[in-house]
Amino acid sequence: MHESVVTAAFERRVSPGTALSEDADRILHTCRDMALRFQQGGKLIVFGNGGSATDAQHVAVEFVHPVIVGKQALPAVSLTNDVALVTGIARTDGLDDIFAAQLRLLAAPDDIAIGISADGVCANVSRGLDAARELGLLTVALTSERDTPAVDHLLVARSSDPLVVKEVHVTIYHLLWELVHVFIEQPDPAAAR
């Protein structure tokens, strides 16, 4: 009995992992565009709810404090770090505007916005991405099959299992970090292939 449960747990991850490898070109284009924004002086602004809020913080740390010695630190901030600010905005403007309000105050047109939503139905992540687009930021969404926001780069974890979606998101944002550095260190896109 345990063997079948264990086998099923592994099998739930095979298809989403394979689908991610099929999105290699999409991920490369995202990384190239992000590298260009960093080279123009932009910063990365990341946001999400619940576990995705923690992922947003993780992404910001990866870019600001690279774990690989010798890799360039890149400016990044998570909009989920300041609980007083988030709850203050929520109190006056509502939860749906906590990221959009911060972006309107902190973002510049050369910046990059990454919204993360494991379930794909977060109104505040969608509104944040909408605000980022209005401001001219490069917009990237890490989401599930349930959501297709209007963004520059849509990176989808093809699973309905929220645990698997989060696992795929971790892989995606580690790829973003690694490959953005490739494009910064080797600006010729042909050199990164």
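Below is a short write-up of the structure. (Residues numbered from 1 in each chain as written. Predicted model: local features only at pLDDT ≥ 70, side-chain atom pairs only at ≥ 80, totals over all residues. Heavy atoms only, no water.)

1. A short note on the overall build of the chain
Part 1 of the argument: The secondary structure content of the chain amounts to seven helices and five strands.
Part 2 of the argument: Taken from the N to the C terminus, the helices and strands of the chain come in the order α-α-β-α-β-α-α-β-α-β-β-α.
Part 3 of the argument: Computed over the C-alpha atoms, the radius of gyration of the chain is 17 Å, within 12% of the 16 Å expected from 2.2 N^0.38 for a compact globule of 193 residues.
Part 4 of the argument: Dimensions of the chain, computed from C-alpha atoms along their principal axes, come out at roughly 55 × 45 × 30 Å.
Part 5 of the argument: The 193 residues of the chain split such that 47% are buried.
Part 6 of the argument: A separation threshold of at least 6 residues defines the contact pool for the chain, and within that pool the share at least 24 residues apart is 68%. (Helix = DSSP H or I, 4+ residues; strand = E, 2+ residues; numbered from the N terminus. Rg over C-alpha atoms; globule rule 2.2 N^0.38 Å. Buried < 20%, exposed > 50% of the residue type's maximum accessible area, 1.4 Å probe, protein only. Contact = heavy atoms within 4.5 Å.)

2. What to know about the nonpolar core
The nonpolar side chains of a soluble globular protein tend to be buried, and buried together.
Part 1 of the argument: Judged by nonpolar contacts, the single largest core of 34 residues is most densely connected at Met-34, Leu-44, Phe-63 and Ile-114.
Part 2 of the argument: Mapped onto this core, the elements with two or more residues apiece are helix 2 (24-39), strand 1 (44-48), helix 3 (51-64), strand 3 (112-116), strand 4 (138-144), strand 5 (153-157) and helix 7 (162-185).
Part 3 of the argument: Excluding residues within four positions of it along the chain, Ile-114 makes contact with Met-34, Leu-44, Ile-45, Val-46, Phe-47, Val-140, Leu-142 and Leu-176.
Part 4 of the argument: Within the second largest apolar cluster, 21 residues are counted, among which are Phe-47, Ile-98, Val-151 and Leu-154. (Core = buried A, V, L, I, M, F, W, Y, C linked by side-chain atoms within 4.5 Å.)

3. Describing the pairing of strand 4
Part 1 of the argument: For strand 4, the buried fraction is high: seven of the seven residues fall into the buried class.
Part 2 of the argument: The two faces of strand 4 match: Leu-138, Val-140, Leu-142 and Ser-144 on one face and Thr-139, Ala-141 and Thr-143 on the other face are all buried.
Part 3 of the argument: Sheet topology note: the strand 4/strand 5 ladder contains five bridges and is parallel. What sits directly across from Thr-143, in strand 5, is Val-156. (Pairing = 2+ DSSP bridges.)

4. Focus on the environment of Ser-52
Part 1 of the argument: Mapped onto the fold, Ser-52 is located in helix 3.
Part 2 of the argument: Taking the C-alpha atoms as reference points, Ser-52 and Ala-157, 105 residues apart in sequence, are found 13 Å from one another.
Part 3 of the argument: Aside from chain neighbours lying at most four places away, what touches Ser-52 is Ile-116, Ser-117, Ala-118 and Lys-166.

5. Brief notes about the pairing of strand 3
Part 1 of the argument: Taken across its five residues, strand 3 has five buried, putting it largely inside the fold.
Part 2 of the argument: Both faces of strand 3 are covered, namely the face carrying Ile-112, Ile-114 and Ile-116 and the face carrying Ala-113 and Gly-115.
Part 3 of the argument: One ladder, built from five bridges, connects strand 3 with strand 4; its direction is parallel. For Ile-112, the partnering residue across the bridge sits in strand 4 and is Leu-138.
Part 4 of the argument: With respect to chirality, the unit in which strand 3 leads through helix 6 (residues 123-135) into the neighbouring parallel strand 4 is right-handed. (Right-handed = clockwise from strand over helix to strand, strands pointing away.)

6. What about the packing of helix 4 (residues 83-93) against helix 5 (residues 98-106)?
Part 1 of the argument: For the pair helix 4 and helix 5, interaxial distance at closest approach is 9 Å and the crossing angle is 110°. Between helix 4 and helix 5, the crossing angle belongs to the class labelled roughly perpendicular. Note on element contacts: helix 5 touches helix 4 through Ile-98, Ala-101 and Gln-102, opposite Leu-85, Val-86, Ile-89, Ala-90 and Asp-93.
Part 2 of the argument: Tallied by class, the residues present in the contact of helix 4 with helix 5 amount to six nonpolar, one polar and one charged. (Axes fitted to C-alpha atoms, helices over the stretch in contact; angles between N-to-C directions. Parallel < 35°, antiparallel > 145°, perpendicular 65-115°, else oblique. Nonpolar A, V, L, I, M, F, W, Y, C, P; charged D, E, K, R; others polar.)

7. Notes on the side chain of Thr-139
Part 1 of the argument: For Thr-139, the location among the structural elements is in strand 4.
Part 2 of the argument: Among all residues touching Thr-139, those that are not within four sequence positions of it are Ala-113, Leu-129, Ala-132, Arg-133, Val-151, Asp-152 and His-153.

8. Examining the packing of helix 2 against helix 7
When two helices pack together, their arrangement is captured by the angle between the axes and the distance separating the axes.
Part 1 of the argument: For the pair helix 2 and helix 7, interaxial distance at closest approach is 8 Å and the crossing angle is 60°. Considering their axes alone, helix 2 and helix 7 lie oblique with respect to each other. Of the two elements, helix 2 crosses helix 7, and the hand of that crossing is right-handed. Residues Ile-27, Leu-28, Thr-30, Cys-31, Arg-32, Met-34, Ala-35, Phe-38 and Gln-39 of helix 2 lie in contact with helix 7, whose contacting residues are Leu-175, Leu-176, Leu-179, Val-180, Phe-183 and Ile-184. (Left-handed = near helix turned anticlockwise from the far one by under 90°.)

Purely spatial values, then, with no claim about function.
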